[in-house]
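An overview of the molecular structure
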Amino acid sequence: MKIVSFTMVNNESEIIESFIRYNYNFIDEMVIIDNGCTDHTIKIIENLVNEGYNIKIFDESLEAYDQFRLDNKYLTKIIDELKPDLIIPLDADEFLASDENPRIILETLNLDRIYYVTWRWYVLTNQDDKKEAFIPNRLQYCLTKSAWNYSDKKPVTKAIIPANYYRELGLKLSMGHHTVFGNDKVKITHLDNLQFAHYRAIGEQQLVYKTCCYTMRDIATMENNFETAQRTNQMSSIEQGQDLWETVVESSYGGYPHNIEKKPLNLDFCQKDKLEMKYTALSNESIENRILYTGREMAIRAYNSERLKKEKPFLKPIILWLDGIKGEECIFPNPSNELTMLTEMFNVRGLITLENRIKFLKANYRIIVMPDFVKFLPHEFIVIPNENYETIKENLINAGLYREKIISLREYKKELGIFKLIYCWILFIPSMIKRINQYFQRNGLKNTLTKIKLRMER
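All of the points below concern the structure found in this document. (Residues numbered from 1 in each chain as written. Predicted model: local features only at pLDDT ≥ 70, side-chain atom pairs only at ≥ 80, totals over all residues. Heavy atoms only, no water.)

**Digging into a nonpolar patch on the surface**
A cluster of nonpolar side chains, namely Tyr-65, Phe-68, Met-175 and Phe-181, defines an oily patch on the protein surface of about 360 Å² accessible area. Tracing the backbone through its elements, the reader meets Phe-181 in strand β10 (residues 180–181). (Patch = residues over 30% accessible without salt bridge, like charges linked within 9 Å, V, L, I, M, F, W, Y side chains within 5 Å. Areas by Shrake-Rupley, 256 points an atom, 1.4 Å probe, with all protein chains shown as cover. Salt bridge = Lys/Arg side-chain N within 4 Å of Asp/Glu carboxyl O. Helix = DSSP H or I, 4+ residues; strand = E, 2+ residues; numbered from the N terminus.)

In structure tokens form, the structure reads like this:
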């Protein structure tokens, strides 16, 4: 039996290594969907891939948080391309748990029905070993009964999906992976010998940064849900100066009564050497950096909205390599005349550099990014209009960018074709006139002529 899991992540660096090292004991292949991570989550996953873990990473950083749409998109993709027998949707804070080997239980399941399992909800206590990096060893106390819905008092369920059965019945997975719907003939079996261990909160720092970052992102979206309300309530508690430990403990309970028992996750079936944590340094990012990077992400999303209004129709955006910097006391961008002309000719969403000191500045009214933030700029290609193309391309690949996305200016023109090139040339002159006029309005005729003269002398 081939078992595949899939997980959408957004800044889960403090738990992702534990999640993969544990769940991989029972899963053949993992699919990770990057929904805009700005921390070291993806770096940790890539390190685990280099260790030999069978994990596929897909980038959905340009998409707003929409778990329902992305989950169902990737369910279809997984069924089509990976041909699994069984699919297990997992959040990054969920660990497949059982008193016996979960793999043995999964292997015995009939593939003619959907399976529902319950949550084993772990909470924070004063008995937790805060120095323990492996989360199931750090948190060992859970609610005495499975998590339940307040609306109908029924247990909260999570779905396990036989792939062919799911497709044949034309089913959809609900928000949060709790149920399936779409066909009244679907057969459902509730499993009592499997649970998802759920670690909603794992420490004070995690509560602060997740609350701050989640509420920032929620402001920028069009939807609210129950989790949005919970995070907003937590933000209020933090802002009012309530005791942080009490706040984080209360958050870990998710509103449930404080009836708990000690029930450590059974690790007897895991390869012990595979549970050794190697990347804790990458997970220990400061709250300040986490909030800073999320703020930059949101700022770039706002920039994208403004830049889109100014772009030419019928032409996909690209990113150009920034070909010049200057300065001694202060380093700033110094694009060539050719780059300036190319920026006006094509739909250039932004510029890329490997010079850390000028990231997020602007040149030719385009934002400059390092490779780690390229994923937040929509682009068809990264174009290098430079005679050192091969060297620059290899440097960008070594910085983590995809080889197939990086092309030369000559290759890009070939991709456009003759008709789109003519279209770009036709719009180039009015675009340059408009830019010169803007400079004239801001700086006057004399300064404008001086600027043009200096440009022509370069």
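**Let's talk about the sheet that holds strand β13 (residues 318–321)**
In any sheet, the strands associate via hydrogen bonds between backbone groups, in a parallel or an antiparallel arrangement. Across the sheet, 6 strands lie side by side as β17-β18-β16-β13-β19-β20; this open sheet has mixed pairing. Only two strands of the sheet have a single partner each, and these edge strands are β17 (362–363) and β20 (406–408). In terms of strand pairing, strand β19 (residues 382–384) meets β20 through 3 bridges, oriented parallel. Bridging across to β20, Ile-384 finds its partner in Ser-408. Packing of helix α11 (residues 287–309) onto the sheet brings it into contact with β16 (348–352), β17 and β18 (366–369), and relative to β16 it is tilted by some 135°. In the packing of helix α13 (residues 389–398) onto the sheet, contacts are made with β13, β16, β19 and β20, and the angle to β20 comes to roughly 170°. (Pairing = 2+ DSSP bridges. Contact = heavy atoms within 4.5 Å. Axes fitted to C-alpha atoms, helices over the stretch in contact; angles between N-to-C directions.)

**Remarks on the packing of helix α7 (residues 204–219) against α11**
Two numbers describe how α7 lies on α11: the axes approach to 10 Å, and their chain directions differ by 10°. When the axis of α7 is compared with that of α11, the two are roughly parallel. Contact residues: Gln-205, Val-208, Tyr-209, Cys-212, Cys-213, Met-216 and Arg-217 in α7; Ile-287, Arg-290, Ile-291, Thr-294, Gly-295, Glu-297 and Met-298 in α11. Residues of the contact of α7 with α11, tallied by class, amount to 8 nonpolar, 3 polar and 3 charged. (Parallel < 35°, antiparallel > 145°, perpendicular 65-115°, else oblique. Nonpolar A, V, L, I, M, F, W, Y, C, P; charged D, E, K, R; others polar.)

**Concerning the packing of aromatic side chains**
Applying the stated criterion across every chain, the model contains 19 aromatic pairs. Between Tyr-22 and Phe-26, the aromatic rings sit 5.3 Å apart at their centres with planes inclined by 70°, giving edge-to-face as the arrangement. Looking at Phe-26, the relative accessible area reads 1%, which means it is buried. Look at Tyr-122 and Tyr-199: their rings are 4.8 Å apart centre to centre, the planes differ by 15°, and that puts the pair in the stacked class. Separated by 77 residues along the polypeptide, Tyr-122 in strand β6 (residues 114–123) and Tyr-199 in strand β11 (residues 188–199) bring together distant segments of the chain. The same class applies to Tyr-122 and to Tyr-199, which are both buried. Here a set of aromatic residues connected by ring pairs shows up, and it is made of Phe-19, Tyr-22, Phe-26, Phe-95, Tyr-122 and Tyr-199. One cation-aromatic arrangement involves Lys-130 over Trp-245; the distance from NZ or CZ to the ring centre is 4.1 Å. (Phe/Tyr/Trp six-rings, centres within 6.5 Å; stacked < 30°, edge-to-face > 60°. Buried < 20%, exposed > 50% of the residue type's maximum accessible area, 1.4 Å probe, protein only. Lys NZ or Arg CZ within 6 Å of the ring centre and 35° of its normal.)

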